[in-house]
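Listed here are the chains, written in short residue letters.
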Amino acid sequence: VYFSQSLFDCGDIANGVLVFVKIYNKTTTPPVKWLDKITVIHPKDTSAPVVNIKAAHTLFLKQNGTAVLNFADIDLGTWDSCGVNYNGFKVLSKTNFNCTDIGTSSHVMSVPDFHGNLTSKSISITVVDTMPPLLKLKNYPLYLNGAGSTVSLVYANINDNSTDNCALGTATLN
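Engineer: Break down the pairing of strand S2 (residues 17-25) for me, citing the residues and quoting the values.
Structural biologist: Two faces, one strand: in a regular strand the side chains alternate between the faces of the sheet. Here strand S1 (residues 2-3) runs beside S2; their pairing, made up of 2 bridges, is antiparallel. Following the sheet pairing, Phe 3 is matched in S2 by Val 21. Here S2 pairs with strand S3 (residues 32-41) via 9 bridges, running antiparallel. Residue pairing for S3: Tyr 24 is matched across the bridge by Lys 33. Where S2 folds back on S3, the antiparallel hairpin that results is connected by 6 residues.

Engineer: Tell me about the state of the cysteines, residues and numbers included.
Structural biologist: Scanning the entire structure with this criterion turns up 2 disulfides. Bridging Cys 99 to Cys 166, the disulfide has an S-S length of 2.0 Å. Between Cys 99 and Cys 166, the S-S torsion sits near -85 degrees, and that sign places the bridge as left-handed. One end of the pair, Cys 99, is in the loop between strand S7 (96-98) and strand S8 (103-112); the other, Cys 166, is in the segment after helix H2 (155-158), and 67 residues separate them in sequence. Among the residues examined, Cys 166 registers a relative accessible area of 26% and is labelled partly exposed. Take the cysteines of the chain that form disulfides and number them in order along the sequence; they join up as 1-2, 3-4.

Engineer: Report on the side chain of Asn 117, specifying residues and quantitative values.
Structural biologist: With respect to the element layout, Asn 117 can be found in the loop between S8 and strand S9 (118-128). Taking relative accessible area as the criterion, Asn 117 reaches 14% and is therefore assigned buried. A polar side-chain atom of Asn 117 sits 2.9 Å from a polar atom in the side chain of Asp 113. Excluding residues within four positions of it along the chain, Asn 117 makes contact with Asp 45, Thr 46, Ser 47, Ala 48, Pro 49, Val 111 and Pro 112.

Engineer: With reference to specific residues and values, describe the environment of Leu 144.
Structural biologist: Along the chain, Leu 144 turns up in the loop between S9 and H2. Given a relative accessible area of 63%, Leu 144 falls into the exposed group. The spatial distance from the C-alpha of Leu 144 to the C-alpha of Tyr 86 is 68 Å, given a sequence separation of 58 residues. For Leu 144, the contacting residues outside a window of four places in its chain are Ser 149 and Val 151.

Engineer: Break down the sheet that holds S1 for me, with residues and values.
Structural biologist: If you trace the 3 strands from one edge of the open sheet to the other, you get S1-S2-S3, paired in antiparallel fashion. With one partner strand each, in any of the chains shown, S1 and S3 form the two edges of the open sheet.

Engineer: With reference to specific residues and values, describe the pattern of salt bridges.
Structural biologist: Evaluated as defined, the whole model comprises 2 salt bridges. The partner of Asp 36 in a salt bridge is Lys 33, and the shortest N-O contact between them spans 3.1 Å. The class of Asp 36 is partly exposed, set by a relative accessible area of 43%. Using a relative accessible area of 42% as the deciding quantity, one classes Lys 33 as partly exposed. The partner of Asp 101 in a salt bridge is Lys 94, and the shortest N-O contact between them spans 2.9 Å. On the basis of relative accessible area, Asp 101 is assigned to the buried category, the value being 18%. Its relative accessible area of 26% is what places Lys 94 among the partly exposed residues.

Reading the values: rules and limits
Residues numbered from 1 in each chain as written. Predicted model: local features only at pLDDT ≥ 70, side-chain atom pairs only at ≥ 80, totals over all residues. Heavy atoms only, no water. Pairing = 2+ DSSP bridges. Helix = DSSP H or I, 4+ residues; strand = E, 2+ residues; numbered from the N terminus. Disulfide = S-S within 2.5 Å. Buried < 20%, exposed > 50% of the residue type's maximum accessible area, 1.4 Å probe, protein only. Polar contact = N/O pair within 3.5 Å; in protein donor to acceptor, adjacent residues only side chain to side chain. Contact = heavy atoms within 4.5 Å. Salt bridge = Lys/Arg side-chain N within 4 Å of Asp/Glu carboxyl O.

Right under this line is the structure:
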């Protein structure tokens, strides 16, 4: 049996390959051709990508209170024999995080290849806010009364539009 092509790769998937098939009877001299056919072979990719990602990842909120999960931040060598469709990756629950996401939550990373095969893995995402508040204070005159008593100062008197990327907590004066 003679095939004009017997090995196929990912480059052959899109259009198919024209293959010439010839069968000879080699018990005769010279060999006698029994069959001479042409066929089209359509290789298929049925292997899903191999997904190697971190089990856990920490996202740090930026000054604007947001963070974005990028595939490169968690990828440890994801691959596929015919190529990973990196534009098709997604964290099914979300890729954009903000102050309401502070803490740890589980998400599913799904990675497709170019031929519709898909592999999914779970990842634990911890969102943290390490940005300190921007404390702005203003001068405030505090007048004592003439009787020698004390006067209380409250934070609202000296706060000059202090901000935080998430939310200001309770301010106390010591």
